[in-house]
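Spelled out, the chains give:
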Amino acid sequence: QIKDSATSTRDVLEQHFSDLKGTLKKLLDERLTSLLQEVDVIEQESIKPLDECQKLIEHGVSTADDLLREGESAVDGDVGQQNEKLCNFTKKALHIQLDSLPEVPSLVDVPCLSAQLDDCLLTILKNQIFRHGTVASRPPVQLEEFVEKPGGILVRWCKVDEDFSAQDYRLQFRKSPGSPFEDVYVGSEPEFLVLHMDPHVDYQFRVCARGDGRQEWSPWSVAQTGRTTLVPHEWTAGLEGYSLSSRRNIALRNDSQSCGVLYSKAPTYFCGQTLTFRQVLFGIETVGQPDRRDSLGVCAEQRNGDESLQRDQAVCISTNGAVFVNGKEMTNQLPAVTSGSTVTFDMEVVQFGPCGNEGGNFKLRVTISSNNREVVFDWVLDQCCGSLYFGCSFSYPGWKVLVF
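Residues numbered from 1 in each chain as written. Predicted model: local features only at pLDDT ≥ 70, side-chain atom pairs only at ≥ 80, totals over all residues. Heavy atoms only, no water.

- The name given to the protein chain in an unreviewed UniProt entry is Cytokine receptor-like factor 3, with Quiscalus mexicanus as the source organism.
- According to its UniProt record, the protein chain has this under Sequence similarities (unreviewed entry): "Belongs to the cytokine receptor-like factor 3 family."
- The protein chain has a UniProt comment under Subcellular location (unreviewed entry) that states "Cytoplasm". (UniProt positions renumbered as here; feature names shortened; annotations may be inferred.)

Regarding the side chain of aspartate 168
Link 1 in the chain: The residue aspartate 168 is located in strand 3 (residues 166-174) in this model.
Link 2 in the chain: The class for aspartate 168 is buried, based on a relative accessible area of 16%.
Link 3 in the chain: Leave out the neighbours within four places in its chain, and aspartate 168 touches Gly187, Ser188, Cys208, Ala209, Arg210 and Trp217. (Helix = DSSP H or I, 4+ residues; strand = E, 2+ residues; numbered from the N terminus. Buried < 20%, exposed > 50% of the residue type's maximum accessible area, 1.4 Å probe, protein only. Contact = heavy atoms within 4.5 Å.)

As for the UniProt feature "domain: Fibronectin type-III" (unreviewed entry) in the protein chain
Link 1 in the chain: UniProt marks residues 139-232 with the feature "domain: Fibronectin type-III" (unreviewed entry), using the numbering shown here.
Link 2 in the chain: Here residues 139-232 is 0% helix and 51% strand, with 33 Å between the C-alpha atoms at its ends.

Overview of a nonpolar patch on the surface
Link 1 in the chain: Residues Leu121, Leu125, Ile129 and Phe130 make up a contiguous nonpolar surface patch of about 420 Å² in total accessible area.
Link 2 in the chain: Looking at the element boundaries, isoleucine 129 is found in helix 3 (residues 120-131). (Patch = residues over 30% accessible without salt bridge, like charges linked within 9 Å, V, L, I, M, F, W, Y side chains within 5 Å. Areas by Shrake-Rupley, 256 points an atom, 1.4 Å probe, with all protein chains shown as cover. Salt bridge = Lys/Arg side-chain N within 4 Å of Asp/Glu carboxyl O.)

Re helix 1 (residues 2-76)
Every α-helix winds through 3.6 residues per turn, so residues three or four apart in the chain are directed the same way.
Link 1 in the chain: The terminal C-alpha atoms of helix 1, which comprises 75 residues, lie 107 Å apart, in line with the 111 Å expected from a rise of 1.5 Å per residue.
Link 2 in the chain: At isoleucine 47, helix 1 shows its largest bend, some 30°, and a proline, proline 49, comes one to four positions later.
Link 3 in the chain: Those residues of helix 1 that sit buried are Cys53, Leu67, Gly71 and Ala74. (Expected span 1.5 Å × (residues − 1). Bend = angle between axes of the 7 residues up to and from the residue.)

Printed below as a string of structure tokens:
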């Protein structure tokens, strides 16, 4: 691990500084090009009036020179030609203004270009470069535990640097070693349930943290492999009255007049696990109209024709918070199921074999939790059940339930 991480760190540092050098060279070249363009513009704009002035002066000198040669030719000719040439020369001289020249700007008004370069930039860059980047011997957070869930993994992590104050955590995973890591969670909690995972497939996870008041993330933890052997919870497809999501873990009570209990596809709930129902937001109306027959719960077997789980061989909670055990309502009641509510079922085996007066031979201790309140009771079954079905029933449309 030490050698591999050292090699990886060297590669990251070399690549980063190589990219940085390329970027700095590009920025310096762009700045040089910009400054050279400024020089070209100033030179062209400043020299244009001087060029025009020079052309006027040269034109005046050339005209005067031509007139002088014409005057010499008039004087040198015979008497008859002299009078005509002198007359033409005089007329031409009167129409040419040789006593005025364009104004030539003074030397102080003529631009004189220079480059102003501040050497303190090198000092600033040097200070920034020598403070850029750090090498950490170990990340401040590490992955701690993987808990198998049906179709998912509960990932937990912990701080290993007690002096590090974490504000947020960032969890990533990937399915194969060659693929890039993807963000799956960013938040303040030290655990996250990753769903929609294929059973018996290895996933790699890593986590990092952001210090309190900081923008940059810490180094990544050591990547670790997690997997689940539990198949995901799914609702049974094809029941009129309910529409399912593509993964069949979300059930929506639709507008159909048909009603009944929607069961799980298979008995995928085992004692020792936590079964969670969550009311999912749906459009403007987040929940449907409640009814006393509504129920969310667990049962020993599927039974077609029932309108509710409030029956024998089942435990459930209704949307008004009433708890039913084998069809009988308990005196203890939980909060009503509303928008965003989460209901959990936890069970453990407390007795095998005959139990005398109670008439059953298999007893489970059940804990149902809803909105930070819970009820605990014993559920007696006629026969041993290694796995259980879950189900729901709603009388009115608008209810949308996720199970995991």
